[in-house]
Amino acid sequence: MTLYPKLILDALSNVRYPGNGKSLVENDMVADDIRIDGNKVSFSLVFDKPTDPFVKSVVRAAETAINTYISPEVEVKGNITATFRNELPKPPAKLLPGVKNIIGISSGKGGVGKSTVSANLAVALAAKGYKVGLLDADIFGPSMPKMFGVEDESIYMVNQEGRNWIEPIEKYGVKMLSIGFLVDKNKAVMWRGGMASNALKQLISEAWWGDLDYFLIDMPPGTSDIHLTLVQTLAITGVAVVSTPQDVALADARKGIEMFRNPSVNVPVLGIIENMAWFTPAPHPDERYYIFGEGGAKRLAEELGVELLAQIPLVAEIRQKADEGTPAALSAVAAATGQSEESGNPESEAFVKLADRLVEACKVRNETLPPSAPVQTH
């Protein structure tokens, strides 16, 4: 049984408030704090005043409705809190007020190189003079500490504006945080969805990110609680979806795109990034071998009416540089800025071109669409 907020709201729409005969949903009595952890559901019901004579009966009716219209296995009894309008807390301040663009880097499935693309894109944007942050939101498979060569770094606190904040690690001009800094890198992270979501919220809301032009989020593969947490927590400017040309990967990429396009989520899709587009052997840089198929992501982009942001080749150097903690984009950056006498290679230059395309896609999105807002749970 899969539970989600809308299912809870649908059940509660069958409960009538005795005072006027309207449903709890129509009366806007269901607070925006529905929490789901496995089969356990908790939330608040909002009443006008503490002296309301129907508080206890309405809470019991809400418990009964959820067990009746969803399942008797839902653990809701004792988990509904009565709150009152004159006691409601003030809306929280906007998260990341100094961030201009929040970009999700997503993929329908694992193994398509999403994290490698995220790391190199962040480095390329920073090299162009932009202020860049990178959040490793893959709670169960964090890889950014290794890709940036900072696995053994410790996390410290910094005092800003009268309080202590988590201070992101900064390398290659990128401010970066990952759950990998807070757990044993040799042990699996065995957390339920609620714990993972709360840990992610802490890395966002309790860290001092400061002013950023681009805040990249390396999302976990697939469609999960983490994705919903992110879109409900942050005003995401848009997402870029990474896929290989392989049919299996494309099918999952399509599902991911449709999730973001769903009217209840409605996060703009900035484009598709085709990774491992072809294999080029080092001794023969002009040759291309289409290991995973040819142009599949390009065709998907055309079909869905989104931009093809880049085609990244499959070459050993990209993997090697990621393992060494020196993202491949650094070589193109060094060549372009005169820090290296060697010319940038096509694979590293592909990430620099991707950075340019992403900047342009964000510009178009911001000029043609209204500002983003966190997705509401109902």
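This is a predicted model, so every value here is computed, not measured. (Residues numbered from 1 in each chain as written. Predicted model: local features only at pLDDT ≥ 70, side-chain atom pairs only at ≥ 80, totals over all residues. Heavy atoms only, no water.)

Chemist: Sorry if this is basic, but what is going on with the pattern of salt bridges here?
Modeler: Pairs can form between side chains of opposite charge once their charged atoms are near each other. Tallied over the full model, the rule gives 12 salt bridges. Across the salt bridge formed by K100 and D213, the nearest N and O atoms sit 3.3 Å from each other. Pair noted here: K100 is in strand β4 (residues 99-107) and D213 is in strand β10 (residues 212-218), with a separation of 113 residues, a long-range link. Between E307 and R357 there is a salt bridge, with its nearest N and O atoms 3.2 Å apart. Residue E307 is found in the loop between α8 (296-304) and β13 (308-314), and its partner R357 is found in helix α11 (residues 346-368); the two are separated by 50 residues along the sequence. (Salt bridge = Lys/Arg side-chain N within 4 Å of Asp/Glu carboxyl O. Helix = DSSP H or I, 4+ residues; strand = E, 2+ residues; numbered from the N terminus.)

Chemist: Just checking my understanding: could you explain the sheet that holds strand β3 (residues 80-84) for this structure?
Modeler: Ordered by their spatial adjacency, 3 strands build an open sheet running β1-β2-β3, and the pairing between neighbours is mixed. Since the sheet does not close on itself, it has two edges, and those belong to β1 (35-37) and β3, each with one partner. Ignoring strand direction, the axes of neighbouring strands in this sheet form an average angle of 20°. The pairing of β1 with strand β2 (residues 40-47) spans 3 bridges and is classified as antiparallel. Across the sheet, R35 pairs through a bridge with S42, a residue of β2. Its contacts with the sheet put helix α2 (residues 55-69) on β2 and β3, and the angle it makes with β2 is roughly 145°. (Pairing = 2+ DSSP bridges. Axes fitted to C-alpha atoms, helices over the stretch in contact; angles between N-to-C directions. Contact = heavy atoms within 4.5 Å.)

Chemist: Explain a nonpolar patch on the surface to me, please; I cannot follow it from the model alone.
Modeler: The grouping of F279, Y289 and I291 at the surface amounts to a nonpolar patch, some 280 Å² of accessible area in total. Structurally, Y289 is set in the loop between β12 (269-279) and α8. On the basis of relative accessibility, which here comes to 41%, the residue Y289 falls in the partly exposed class. (Patch = residues over 30% accessible without salt bridge, like charges linked within 9 Å, V, L, I, M, F, W, Y side chains within 5 Å. Areas by Shrake-Rupley, 256 points an atom, 1.4 Å probe, with all protein chains shown as cover. Buried < 20%, exposed > 50% of the residue type's maximum accessible area, 1.4 Å probe, protein only.)

Chemist: Sorry, what's going on with unusual backbone geometry here?
Modeler: Where the residue is not glycine, phi is negative for most of them; where a peptide bond is considered, it is trans in most cases. Although it is not a glycine, Y172 adopts a positive phi angle of roughly 55°. In this structure, Y172 sits in the loop between β8 (169-171) and β9 (174-178). A relative accessible area of 26% places Y172 in the partly exposed class. One non-glycine residue, N266, adopts positive backbone phi at about 55°. Along the chain, N266 falls in the loop between α7 (247-261) and β12.

Chemist: How should I be thinking about the packing of aromatic side chains in this particular structure?
Modeler: What characterises a pair of aromatic rings is the spacing of the ring centres plus the angle enclosed by the ring planes. This model, assessed by the stated rule, comprises 8 aromatic pairs. Taken together, a centroid distance of 5.3 Å and an interplanar angle of 90° make the contact between Y130 and Y214 edge-to-face. Of the two residues, Y130 sits in the loop between α3 (114-127) and β5 (132-136) while Y214 sits in strand β10, which places them 84 residues apart along the sequence. With 5.9 Å between their ring centres and 35° between their planes, F148 and Y172 make a pair best called tilted. Separated by 24 residues along the polypeptide, F148 in the loop between α4 (144-147) and β6 (156-160) and Y172 in the loop between β8 and β9 bring together distant segments of the chain. F148 sits in the buried class, given a relative accessible area of 0%. (Phe/Tyr/Trp six-rings, centres within 6.5 Å; stacked < 30°, edge-to-face > 60°.)

Chemist: It is not clear to me how the side chain of S243 should be interpreted in this structure. Could you clarify?
Modeler: Turning to its location among the elements, S243 is positioned in strand β11 (residues 238-243). The residues contacting S243, other than those within four sequence positions of it, are V112, A249, L250, A253, I273, E274 and N275.

Chemist: What's the story with the packing of α7 against α8 in this structure? I'm lost.
Modeler: Between two packed helices, both the angle of their axes relative to each other and the distance between the axes serve to describe the pair. Interhelical geometry of α7 versus α8 gives an angle of 30° and a closest axis separation of 11 Å. Considering their axes alone, α7 and α8 lie roughly parallel with respect to each other. Helix-helix and strand crossings are classified by hand; for α7 and α8 the assignment is right-handed. Residue-level inspection shows L250, A253, R254, I257, E258 and R261 of α7 in contact with α8, the latter providing G296, A297, L300, E303 and L304. (Parallel < 35°, antiparallel > 145°, perpendicular 65-115°, else oblique. Left-handed = near helix turned anticlockwise from the far one by under 90°.)

Chemist: Explanation requested: helix α1 (residues 5-12) in the structure shown.
Modeler: Since the α-helix packs 3.6 residues into each turn, any two residues three or four apart lie on the same face. Buried within α1 we find P5, I8, L9, A11 and L12. Buried residues in α1, looked at end-on, bunch into an arc of 160°, giving them a common side. Those residues of α1 that are buried lie in contact with β1, β2 and α2. (Arc of directions from axis to C-beta.)

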